[in-house]
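Spelled out from the first residue to the last, the chains are:
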Amino acid sequence: MKYFKLKITDVDYPEKFYRVVLANPSLNLYQFNIYIEILIKTMFCHMAMFSGKGYKFIDSIWMDDQFDKSIKYLDYTKVTIKEALKLCKSLQFTYDTGDDYSFNVEFIEEFDFPLPNNIILLEASGDGIWEDNHSGLRDFIEGNLDRSEIYAWNLNIKDFDRYDFFEKINIELINKNIEKEKVRIIRELKKNNSYSDKD
């Protein structure tokens, strides 16, 4: 089976906050979105979408809100990673269009061998987003935020004085648990009627 090696980089700090993955290219973009959100530690409480040159890939509930007539809007449950990259060459993933966490998704190369998961994390830097506090995370990365002002309610930070955004990430543990975590997330989203049930 063929897999795409992709680099997912924060647009503000591409060398500091990123994930490199092997992804099943037949995943639709909504499925890919769930994996990305797991990897960057969101709480799945905001809108997410992909965009590329001339296209936006969004939840079907937003299809009527097509403000820019120069852009083609597509349901992200009906477009695979492979199809999207063929259309756009590169993608941008955005989570929380208000706080605007944006990540470039770059195709690196293609592999042809079996993997146990739809996604395998290869490399990672940066703990995760700070929900509802993008400006605070920017200040923290740039060294302009006092530790007493850390506000990251989605992260399990027990000791703010020792918090290290760049602490080494346990990639092996993430890969071991990511499929189970996806099942748990989908169960929660279905419970809250916020899952696009086209898995």
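I will try to describe carefully the structure that is included in this document. (Residues numbered from 1 in each chain as written. Predicted model: local features only at pLDDT ≥ 70, side-chain atom pairs only at ≥ 80, totals over all residues. Heavy atoms only, no water.)

## A closer look at the pairing of strand β2 (residues 18-23)
Here is the key point about a regular strand: its side chains alternate between the two faces of the sheet.
Now for step 1: A large share of β2 lies buried, amounting to six of its six residues.
Now for step 2: Both faces of β2 are covered, namely the face carrying Y18, V20 and L22 and the face carrying R19, V21 and A23.
Now for step 3: Sheet topology places strand β1 (residues 2-10) next to β2; six bridges connect them, and they run antiparallel. Pairing of F4 across the sheet is with A23, part of β2.
Now for step 4: In the sheet, β2 pairs with strand β8 (residues 119-125) via six bridges, with the strands oriented antiparallel. What sits directly across from A23, in β8, is I119. (Buried < 20%, exposed > 50% of the residue type's maximum accessible area, 1.4 Å probe, protein only. Helix = DSSP H or I, 4+ residues; strand = E, 2+ residues; numbered from the N terminus. Pairing = 2+ DSSP bridges.)

## Observations concerning the packing of aromatic side chains
Now for step 1: Scanning the model with the defined rule gives 11 aromatic pairs in all.
Now for step 2: Taking the centre distance of 5.3 Å and the plane angle of 80° together, the rings of F17 and F103 count as edge-to-face. Taken together, the positions of F17 in the loop between β1 and β2 and F103 in strand β7 (residues 101-112) put the pair 86 residues apart, joining distant regions of the chain.
Now for step 3: Residue classification places F17 among the buried residues on the basis of a relative accessible area of 1%.
Now for step 4: One aromatic cluster is present, built from ring pairs that chain together F17, F103, F165 and F166. (Phe/Tyr/Trp six-rings, centres within 6.5 Å; stacked < 30°, edge-to-face > 60°.)

## Points about helix α3 (residues 134-141)
Now for step 1: For α3, the set of buried residues is H134, G136, L137, F140 and I141. Each buried residue of α3 lies within a common arc of 160° when the element is viewed along its axis, so the set occupies one face.
Now for step 2: Just downstream of α3 lies G143, where phi reads positive at about 80°. (Arc of directions from axis to C-beta.)

## Some remarks on the environment of G136
Now for step 1: Relative to the helices and strands, G136 is located in helix α3.
Now for step 2: Residues G136 and K7 lie 129 residues apart in sequence; the distance between their C-alpha atoms is 24 Å.
Now for step 3: Excluding its chain neighbours within four sequence positions, the residues that come into contact with G136 are W130 and L145. (Contact = heavy atoms within 4.5 Å.)

## Considerations on unusual backbone geometry
Now for step 1: Backbone geometry at D96 places phi at a positive 65°, although glycine is not the residue there.
Now for step 2: You can call D96 buried: its relative accessible area is 8%.
Now for step 3: A positive phi angle, close to 60°, is found at D132, a residue other than glycine.
Now for step 4: Using a relative accessible area of 39% as the deciding quantity, one classes D132 as partly exposed.

## Considerations on the sheet that holds strand β3 (residues 48-52)
Now for step 1: Spatially, eight strands are ordered β5-β4-β3-β6-β7-β1-β2-β8 in an open sheet, and the strand pairing comes out mixed. Each end of this open sheet is capped by a strand with a single partner; those strands are β5 (72-75) and β8. Each strand axis lies, on average, 25° off the axis of its neighbour in the sheet, ignoring direction. (Axes fitted to C-alpha atoms, helices over the stretch in contact; angles between N-to-C directions.)

## Quick look at the nonpolar core
Now for step 1: Among the nonpolar cores identified, the biggest contains 54 residues, and L29, F32, F57 and W130 are the most heavily contacted of them.
Now for step 2: Excluding residues that lie within four positions of it along the chain, F32 makes contacts with L6, I8, A23, F50, I81, V105 and I119. (Core = buried A, V, L, I, M, F, W, Y, C linked by side-chain atoms within 4.5 Å.)

## Structural notes on the pattern of salt bridges
Now for step 1: Evaluation of the coordinates by the stated rule reveals six salt bridges.
Now for step 2: Two residues, E181 and R184, come together in a salt bridge whose shortest N-O distance is 2.7 Å. Residue E181 and its partner R184 are both found in helix α4 (residues 171-191); the two are separated by three residues, about one turn of the helix.
Now for step 3: What makes E181 partly exposed here is its relative accessible area of 26%.
Now for step 4: Take R184: its relative accessible area is 34%, and that puts it in the partly exposed class.
Now for step 5: Its salt-bridge partner being K191, residue E188 comes within 3.4 Å of it at the nearest N-O pair. Here E188 and its partner K191 are both found in helix α4, three residues apart, which amounts to about one turn of the helix. (Salt bridge = Lys/Arg side-chain N within 4 Å of Asp/Glu carboxyl O.)

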